[in-house]
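Chain by chain, the residues run as shown.
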Amino acid sequence: MGVIKCKRKASFTVEASILIPITLFIIVGGINLGFDLFQEARTNIEIHEELIKLDPVEIVRRNSLFENYK
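These figures come from a predicted structure and were not determined experimentally.

### Some thoughts on the overall build of the protein chain
Counting its regular elements, the protein chain contains two helices and zero strands. Residues counted as buried form 0% of the 70 residues belonging to the protein chain. Counting only carbon and sulfur atoms, one obtains 69% of the accessible surface of the protein chain, whose full area is about 6900 Å².

As structure tokens, this is what we get:
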């Protein structure tokens, strides 16, 4: 009976040595994915804010005035 107990404990160790790295890989991968999505969202917000500041009407007026002086 003692031999069966040792084999059972050893099988739990082997299973844990497989499951723990997989679990950690999934957790760290999820954190990394979340951080990448956060960085992409922050970049998109910065681009959006710059586009709001952009005045296309003023750009056209400046370009058309330069053509009159040529």
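### Section: a nonpolar patch on the surface
Where nonpolar side chains cluster on the molecular surface, the patch consists of Val14, Ile18, Ile22, Phe25 and Ile26 and spans about 540 Å² of accessible area. Considering the arrangement of structural elements, one finds Ile22 in helix α1 (residues 2-53).

Cut-offs and rules
Residues numbered from 1 in each chain as written. Predicted model: local features only at pLDDT ≥ 70, side-chain atom pairs only at ≥ 80, totals over all residues. Heavy atoms only, no water. Helix = DSSP H or I, 4+ residues; strand = E, 2+ residues; numbered from the N terminus. Buried < 20%, exposed > 50% of the residue type's maximum accessible area, 1.4 Å probe, protein only. Areas by Shrake-Rupley, 256 points an atom, 1.4 Å probe, with all protein chains shown as cover. Patch = residues over 30% accessible without salt bridge, like charges linked within 9 Å, V, L, I, M, F, W, Y side chains within 5 Å. Salt bridge = Lys/Arg side-chain N within 4 Å of Asp/Glu carboxyl O.

Geometry only, nothing functional implied.
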